[in-house]
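The lines below spell out each chain.
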Amino acid sequence: MENLQTLADEIHAELSAREDRGRVADYIPQLATVSAQKFGIAIAPLDGPVAVAGDADEAFSIQSISKLFTLTLALGQVGDRVWDRVGREPSGNAFNSIVQLEHEQGRPRNPFVNAGAIAVTDIILGGHRPKEALGEILRFVRFLADDDAINIDRLVAQSEQAHGDRNLALAHFMKSFGVIKHPPAEVLGVYFHQCAIAMSCRQLAQAGLFLAANGRNPRTGFNVVSARRARRINALMMTCGHYDGAGDFAFRVGLPGKSGVGGGILVIVPHRAVVAVWSPGLDANGNSLLGTAALELLVQRTGWSVFG
Ligand code: GLN
């Protein structure tokens with residue numbers, strides 16, 4: 001294996017010149033203020049220093065990558081009862097699709113489409129007030145990344161809140177089936193803020209380490225989840241982490257990954273490393289275009305695909 005720093009530098013140098021970067025999300029207006037030229041990569045091995053290149057230390061909106069952290073938190077709180085409310089199958093539909101919900105009696109296909117993530121946030125709300133639930137999520141992410149500087153970008157949260165009608169519709173629809181228990185406005189208040197957590201590639205890579213190491217963060221020594229739960233979360237990331245682009249991502253990259261419309265992607269290389277990339281331009285499925293290309297290149301160079 002070549003040196004990880006050299007690898008990060010090479011991938012950054014090769015892809016920075018690309019002009020075709022997709023479209024920056026603008027359905028949340030505040031996200032559209034970010035430059036499409038941003039590009040960062042962080043490779044965190046289980047032991048040894050994190051290799052970074054480009055804008056890897058600049059915080060960006062993690063958006064749907066937060067769904068990975070809230071799922072882990074909810075599983076810790078109520079265990080397998082999460083699956084009473086949310087399925088575990090790929091959706092083959094857009095992340096914010098509403099049609100499938102009607103066919104399936106308001107039960108979301110998986111915890112990574114918006115409907116499923118909103119149901120997971122409803123579970124975390126449990127007996128809490130929204131502020132407490134949000135505090136719990138933020139503390140958990142800081143604990144995972146071992147970094148108390150991580151915060152929420154209030155402007156992004158407000159921007160999504162002001163344009164969140166589709167998510168509100170999803171929440172109301174699920175409530176009518178009893179899949180969510182709290183008032184939709186409360187659940188979404190938490191959800192929009194969790195999506196607006198801002199993290200850098202370096203922080204994200206650190207936060208994902210437990211998933212590459214049998215559930216234990218190798219840097220802090222904390223057991224976050226059991227080895228079995230880590231394996232299962234990785235399986236869900238592989239099958240559902242990129243929505244209707246999950247099959248193509250498995251084909252091209254072959255690693256469990258979670259994307260967000262802020263342009264970040266977090267991938268797990270079981271027993272080896274965690275990689276986070278960021279480039280705000282998105283493809284038609286809402287996944288980072290340059291980020292996916294960077295991960296494809298990384299896997300070609302390292303042979304890290306789980307498919308051999
Ligand atoms: N906050 C975004 C939304 O709910 C998250 C979507 C995403 O990152 N795919 O639409």
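Scroll up for the structure.
To start, this report covers the structure provided alongside it. (Residues numbered from 1 in each chain as written. Predicted model: local features only at pLDDT ≥ 70, side-chain atom pairs only at ≥ 80, totals over all residues. Heavy atoms only, no water.)

## A look at the pattern of salt bridges
Here is the rule we go by: What counts as a salt bridge is simple: a side-chain nitrogen of Lys or Arg found within 4 Å of a carboxyl oxygen of Asp or Glu. Numbering goes from the N terminus for both helices and strands, where a helix is a DSSP run of H or I of at least four residues and a strand is a run of E of at least two. Buried means the residue's accessible area, taken with a 1.4 Å probe over protein chains only, is under 20% of the maximum for its type, while exposed means over 50%, and partly exposed covers the values in between.
Here the structure, examined in full by the defined rule, presents 10 salt bridges. Residue Glu58 pairs with Lys38 through a salt bridge whose shortest N-O separation is 3.1 Å. Residue Glu58 is located in the loop between strand S3 (51-54) and strand S4 (60-61), and its partner Lys38 is located in the loop between strand S1 (23-24) and strand S2 (40-45); the two are separated by 20 residues in the primary sequence. The exposure class of Glu58 is partly exposed, given its relative accessible area of 30%. Asp248 is paired through a salt bridge with Arg252; the nearest N and O atoms lie 3.7 Å apart. Here Asp248 pairs with Arg252, and both are found in helix H13 (residues 246-252), just 4 residues apart, close to one helical turn. The exposure class assigned to Asp248 is partly exposed, which follows from its relative accessible area of 43%.

## Quick word on the sheet that holds strand S5 (residues 151-152)
Rules: By definition, two strands form a pair when at least two bridges between them are found by DSSP. Two residues form a contact once any of their heavy atoms are found within 4.5 Å. Angular values range over 0 to 180 degrees, each being the angle between N-to-C directions of two axes fitted as lines to C-alpha atoms, with helices fitted over their stretch in contact.
With antiparallel pairing, the 3 strands of this open sheet are ordered in space as S4-S6-S5. Two strands bound the open sheet, and with one partner strand each, they are S4 and S5. Pairing geometry for S4 and strand S6 (residues 197-199), over 2 bridges, is antiparallel. Bridged to Phe60 within S6 is Met199. On the sheet, helix H6 (residues 130-145) packs against S5 and S6 and is oriented at approximately 10° with respect to S6.

## Notes on empty space enclosed by the protein
Stated precisely, the cut-off is as follows: As defined here, a cavity is a set of points on a 1 Å grid over the protein atoms alone where a 1.4 Å probe fits but cannot get out. A pocket is an open set with protein on both sides within 12 Å along at least five of seven lines, and residues line them when an atom is within 4 Å of a point. Grid points are joined across faces, edges and corners, and a volume is the space filled by probe spheres set on the points.
Applying the stated rule across the entire model yields 2 cavities of 30 Å³ or more. As a volume, the largest cavity reaches approximately 100 Å³. Taken together, 13 residues form the lining of the largest cavity, with Ser97, Gln100, Arg109, Val113 and Ala115 sitting closest to its centre. Reported here for the second largest cavity is a volume of approximately 50 Å³. In terms of lining, the second largest cavity is formed by Tyr27, Gln63, Ser64, Phe95, Asn114, Glu160, Asn167, Tyr191, Cys195 and Val261.

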